[in-house]
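For reference, the chains in residue letters:
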Amino acid sequence: MSTVLRHMFSGIVAAFAVAIVLGSIVYTIFPIENWDFLLQKHLLDIPVAFVLPFLVFIMGAFFGLNSGITSRKQLNSINRTLKSIEDGRQVDMKEVSSLELRTIAKRMEGIQKQLGEKIRQSQKMATEKAVDQEKRIQEIISQERNRLARELHDSVSQQLFAASMIMSAVNETRREEDTRETKQLKLVEETIHQTQLEMRALLLHLRPAALNGKSLQKGMEELLQELLQKVPIELKWKIETIPLAKGVEDHLFRILQESVSNILRHAQANKAQILLVQRDDLIILRIEDDGVGFKMDQEKTGSYGLQNMHERAAEIGGTLKILSLPGEGTRLEVKVPILKAGDDSNDQSIISG
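Everything numeric in this text was worked out from a predicted model, so none of it was measured.

Chemist: How should I be thinking about the packing of aromatic side chains in this particular structure?
Modeler: Any aromatic ring pair is given by two values, namely how distant the centres are and how the planes are angled relative to each other. On inspection of all chains with the given rule, the structure shows one aromatic pair. On the numbers, 5.5 Å between centres and 75° between planes, the contact of Phe62 with Phe63 is edge-to-face. Neither Phe62 nor Phe63 differs from the other in exposure class; each is exposed.

Chemist: Got a minute to help me understand helix 6 (residues 216–230) in this structure?
Modeler: Along an α-helix, residues three or four positions apart point the same way, because every turn accommodates 3.6 residues. When the terminal C-alpha atoms of helix 6 are compared, their 21 Å separation across 15 residues agrees well with the 21 Å that a helix rising 1.5 Å per residue should span. When helix 6 is considered as a whole, its buried residues turn out to be Leu216, Gly219, Met220, Leu223, Leu224 and Leu227. Down the axis of helix 6, the buried set is contained in an arc of 125°. They therefore lie on one face.

Chemist: Just checking my understanding: could you explain the environment of Ala269 for this structure?
Modeler: With respect to the helices and strands, the residue Ala269 is situated in the loop between helix 7 (246–267) and strand 4 (271–279). With a relative accessible area of 11%, Ala269 lands in the buried category. The spatial distance from the C-alpha of Ala269 to the C-alpha of Thr330 is 9.7 Å, given a sequence separation of 61 residues. For Ala269, the residues in contact, after removing those within four places along its chain, are Ile233, Ile263, Asp289, Asp290 and Gly291.

Chemist: Where do I start with the side chain of Ser324 in this structure?
Modeler: Positionally, Ser324 belongs in strand 6 (residues 319–324). Taking relative accessible area as the criterion, Ser324 reaches 2% and is therefore assigned buried. In terms of polar contacts, Ser324 uses its side chain to reach the side chain of Thr330, at 2.9 Å. Excluding anything up to four places from it in sequence, Ser324 contacts Gly293, Phe294, Met296, Gly329 and Thr330.

Chemist: Please clarify how a nonpolar patch on the surface should be interpreted in this entry.
Modeler: A contiguous nonpolar surface patch, about 540 Å² in accessible area, is contributed by Phe16, Leu52, Phe54, Leu55, Phe57 and Ile58. Broken down by element, the nonpolar patch gets its largest block of residues, five residues, from helix 3 (residues 48–86). Note that Phe57 resides in helix 3. A residue is classified by how much of its surface remains accessible, and Phe57, at 38% relative accessible area, is partly exposed.

Chemist: Please clarify how the packing of helix 6 against helix 7 should be interpreted in this entry.
Modeler: Their axes nearest at 10 Å, the elements helix 6 and helix 7 cross at an angle of 15°. Classed by the angle they form, the pair helix 6 and helix 7 counts as roughly parallel. Crossing of helix 6 against helix 7: the hand is right-handed. Contacts between helix 6 and helix 7 involve Leu216, Gly219, Met220, Leu223 and Leu227 on the former and, on the latter, Glu249, Leu252, Phe253, Leu256, Gln257, Val260 and Leu264. Partitioning the contact of helix 6 with helix 7 into residue classes produces nine nonpolar, two polar and one charged.

Rules of the game
- Residues numbered from 1 in each chain as written.
- Predicted model: local features only at pLDDT ≥ 70, side-chain atom pairs only at ≥ 80, totals over all residues.
- Heavy atoms only, no water.
- Phe/Tyr/Trp six-rings, centres within 6.5 Å; stacked < 30°, edge-to-face > 60°.
- Buried < 20%, exposed > 50% of the residue type's maximum accessible area, 1.4 Å probe, protein only.
- Helix = DSSP H or I, 4+ residues; strand = E, 2+ residues; numbered from the N terminus.
- Expected span 1.5 Å × (residues − 1).
- Arc of directions from axis to C-beta.
- Contact = heavy atoms within 4.5 Å.
- Polar contact = N/O pair within 3.5 Å; in protein donor to acceptor, adjacent residues only side chain to side chain.
- Patch = residues over 30% accessible without salt bridge, like charges linked within 9 Å, V, L, I, M, F, W, Y side chains within 5 Å.
- Areas by Shrake-Rupley, 256 points an atom, 1.4 Å probe, with all protein chains shown as cover.
- Salt bridge = Lys/Arg side-chain N within 4 Å of Asp/Glu carboxyl O.
- Axes fitted to C-alpha atoms, helices over the stretch in contact; angles between N-to-C directions.
- Parallel < 35°, antiparallel > 145°, perpendicular 65-115°, else oblique.
- Left-handed = near helix turned anticlockwise from the far one by under 90°.
- Nonpolar A, V, L, I, M, F, W, Y, C, P; charged D, E, K, R; others polar.

Below you can see the structure in the form of structure tokens.
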């Protein structure tokens, strides 16, 4: 039973209860010996005996409806506020219309302050962790990654390219009548091509390894420009300049690297779009491709990379959602709340209704 119907029913029951009590009091003070007048007296050609219960019913239903609508508005307001808190948005409850909701509003305010403080601490810890790790191991890791990337590029990558060119030339000179052998050779060529993409994805993991002092916007644009030159895929992006803490920038950049690597290795996509924008108090990173997609119920069991991206988003107080269907591509979206520097828990807004 809905809230409105429940309040209407309660109002009607309460109205009849009050009418019975008042009727009993009146009867006690002014006893009535002849009740026939209730049938003899008419109001709008209807006996009073029928009009009085009808009026009681209408009044009870009216007050119950009014109370139900008010309660439903209050519950919807609470639901919207909780949804905003769940999404990580800062909401403002400047006025509370009823005494009953003030306690709930105070608890919501406390929940929002605690969540905001936890997100702030998570982002602070992520920043400190990123800076500390960068100071201790950045030089060693960078040198080793560059060495491996050079060796792979100069040896394996070049050999794969040469093999691809040879196979392409062989396939072009084959006669169409040799159906079985031609298919096998084309399969070999496709395998070499896929291996090249795997190698490029591996090189993408190795270099660039970090932002290395660049802004998130510059680092992402350089990564995508380099990708355009090396991989046959159509890339479009919109990246806004957004000042962020070091730890947040580092994690978002690594999520982009991991996502692009997955596209190269698994998606078989022809197009991809990258979006980094600020909307109100949220940072949104969205990556879409038109690849083969996958079944969502296999997401968590099939990829360490996806799990790694979920953990990176959680470390900076954000959320990561993935939407994919077989044959219809994949959409990945990261949302990270922005907490203004210098704000403390006393300055946070109260939850709105």
